[in-house]
Amino acid sequence: IQAEKSIIDGYISLTFERNITFKANLFSLNLKYNFPFTRTSAFLTQENKNYSSTENIEGSIALSSGNNYINLSNNTSVSKGGILLYPFLDKNFNGIYDDDEYLVKINTLKILSGKVIYSEYDSIVRITDLNSFTNYKIEFSDNNLDNIAWRFKHNTYQVMIDPNQFKRIDIPVVIVGEANGMVLMNRDNNLKGIGRITVHFYKKNNSNIIATTLSEGDGYVYYMGLEPGEYIARLDTEQLSKLDFNVEPKEINFTIKTNEEGDIYDGINFILSKKITLKKK
């Protein structure tokens, strides 16, 4: 006869066995319970006048001396590894966690395995229970940052796990600014917003396009994601040529300043007009 009851994170069972041939009675009590930091079990038996008991406890301790962190687990950590993520505000855009910079708190990321621990105390994200010599892909979303003007410099990382140690990965978060304005059409000295006009952004003294946006239906232009620096905004010349439009000004020079809350330049304003075609008599 056996009775078993499941409990949260464990179970308890009671067994009675009667051996008719040897006229022996066997009673046994088995208890298992899993704490967050360890697994425990106890087994007690009585056979006639003989008693025996077995107790077991298992788990692991992982230490990270660099930040005085102790991780207790009810799984074995021998030969496994972990990751320490240091997301920081990279004020000077050098990708290095400098003394005058601080950690940024994040509350979510994507990884296919392991246990992710978000710390309210020091903003370090710890990932434990990872298999050694395995590449893990970690993904971040800009939407999970506290400030709309912050962006992850890289949204995806691939990390190879070393056995029996935590691997530190610095995650730079950069500050970006926004540029906005209007694209207006001049018809008989009447200005009205025009949509779907392509606006390109260039770094100053660089002919490569770094960002592109379209004006909205009312002519509003908006782009968020420019790192601090000097820029030039121009309308797409090929599109203007197909539409037979002139534009003033030809280009707009502006600067995105360094600011922890992000900088805004409100002056990307272009005025379009239809080209005048002279008819021959």
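Structure first, text after, so check above.
Each value, and the rule that gives it
- Residues numbered from 1 in each chain as written.
- Predicted model: local features only at pLDDT ≥ 70, side-chain atom pairs only at ≥ 80, totals over all residues.
- Heavy atoms only, no water.
- Helix = DSSP H or I, 4+ residues; strand = E, 2+ residues; numbered from the N terminus.
- Core = buried A, V, L, I, M, F, W, Y, C linked by side-chain atoms within 4.5 Å.
- Buried < 20%, exposed > 50% of the residue type's maximum accessible area, 1.4 Å probe, protein only.
- Contact = heavy atoms within 4.5 Å.
- Patch = residues over 30% accessible without salt bridge, like charges linked within 9 Å, V, L, I, M, F, W, Y side chains within 5 Å.
- Areas by Shrake-Rupley, 256 points an atom, 1.4 Å probe, with all protein chains shown as cover.
- Salt bridge = Lys/Arg side-chain N within 4 Å of Asp/Glu carboxyl O.
- Lys, Arg positive; Asp, Glu negative; His and termini not counted.
- Pairing = 2+ DSSP bridges.
- Axes fitted to C-alpha atoms, helices over the stretch in contact; angles between N-to-C directions.
- Phe/Tyr/Trp six-rings, centres within 6.5 Å; stacked < 30°, edge-to-face > 60°.

Chemist: Could you clarify how one ought to interpret the environment of F16 in this entry?
Modeler: Mapped onto the secondary structure, F16 falls in strand β2 (residues 10-19). It is 4.7 Å that separates the C-alpha atoms of F16 and F27, two residues lying 11 residues apart in sequence.

Chemist: Where do I start with the nonpolar core in this structure?
Modeler: What tends to happen in soluble globular proteins is that the nonpolar side chains get buried as a cluster. Core analysis: the biggest nonpolar cluster contains 23 residues, and I83, L85, L109, I127, I138 and F140 have the highest contact counts within it. Listed by contribution, the elements that provide at least two residues to this core are β8 (81-89), β10 (125-130), β11 (135-139), β12 (150-152), β13 (156-160) and β14 (166-175). In terms of residue count, β14 provides more of this core than any other element does, four residues in total. Once residues within four sequence positions are removed from consideration, L85 is found in contact with L109, S123, I124, V125, I127, I138, F140, I169 and I171. If you look at the next biggest cluster of nonpolar residues, it comprises 22 residues, including I194, L240, F245 and I252.

Chemist: Explain a nonpolar patch on the surface to me, please; I cannot follow it from the model alone.
Modeler: A contiguous nonpolar surface patch, about 470 Å² in accessible area, is contributed by I7, I12, L14, L29, L31 and L44. Contributions of two or more residues to the nonpolar patch are made by β2 and β3 (24-34). Here L29 shows up in strand β3. Judged by its relative accessible area of 37%, L29 falls in the partly exposed class.

Chemist: Can you walk me through the side chain of D90 in this structure?
Modeler: Position of D90 among the secondary structure elements: in the loop between β8 and β9 (115-118). Despite its burial, D90 pairs with no opposite charge; the closest candidate is K153, at 4.6 Å N-O. What D90 contacts, discounting residues up to four positions off in sequence, is G95, I96, E101, P172, V173 and V174.

Chemist: Help me understand the pattern of salt bridges in this model?
Modeler: Two side chains carrying opposite charge are able to pair once their charged atoms lie near each other. Taken as a whole and assessed by the stated rule, the structure comprises seven salt bridges. D170 is the partner of R168 in a salt bridge, and the nearest nitrogen-oxygen pair spans 2.9 Å. With its nearest N and O atoms 2.8 Å apart, the salt bridge here joins R234 to E251. Placement of R234 in strand β20 (residues 229-235) and of E251 in the loop between β21 (245-248) and β22 (252-256) is noted, with a sequence separation of 17 residues between them. Taking the relative accessible area as the measure of exposure, R234 reaches 26% and is therefore partly exposed.

Chemist: Mind showing me how you'd approach the sheet that holds β20 here?
Modeler: Strand pairing in a sheet takes place through backbone hydrogen bonds and is either antiparallel or parallel in direction. With antiparallel pairing, four strands are arranged side by side in an open sheet as β18-β17-β20-β22. Each end of this open sheet is capped by a strand with a single partner; those strands are β18 (209-214) and β22. Pairwise comparison of adjacent strand axes, ignoring direction, gives a mean angle of 30 degrees for this sheet. Two elements, strand β17 (residues 198-203) and β20, share five bridges in a ladder whose sense is antiparallel. Its bridge partner lying in β20, F201 is registered against A233.

Chemist: Can you help me understand the packing of aromatic side chains in this one?
Modeler: To describe a pair of aromatic rings, you give the distance between the ring centres and the angle between the ring planes. One pass over the full model with this rule turns up nine aromatic pairs. For the pair F88 and Y97, a centre-to-centre distance of 5.1 Å together with 25 degrees between the ring planes defines the contact as stacked. For F88, a relative accessible area of 0% puts it in the buried group. Residue Y97 is classed as partly exposed on the basis of its relative accessible area, which comes to 26%.

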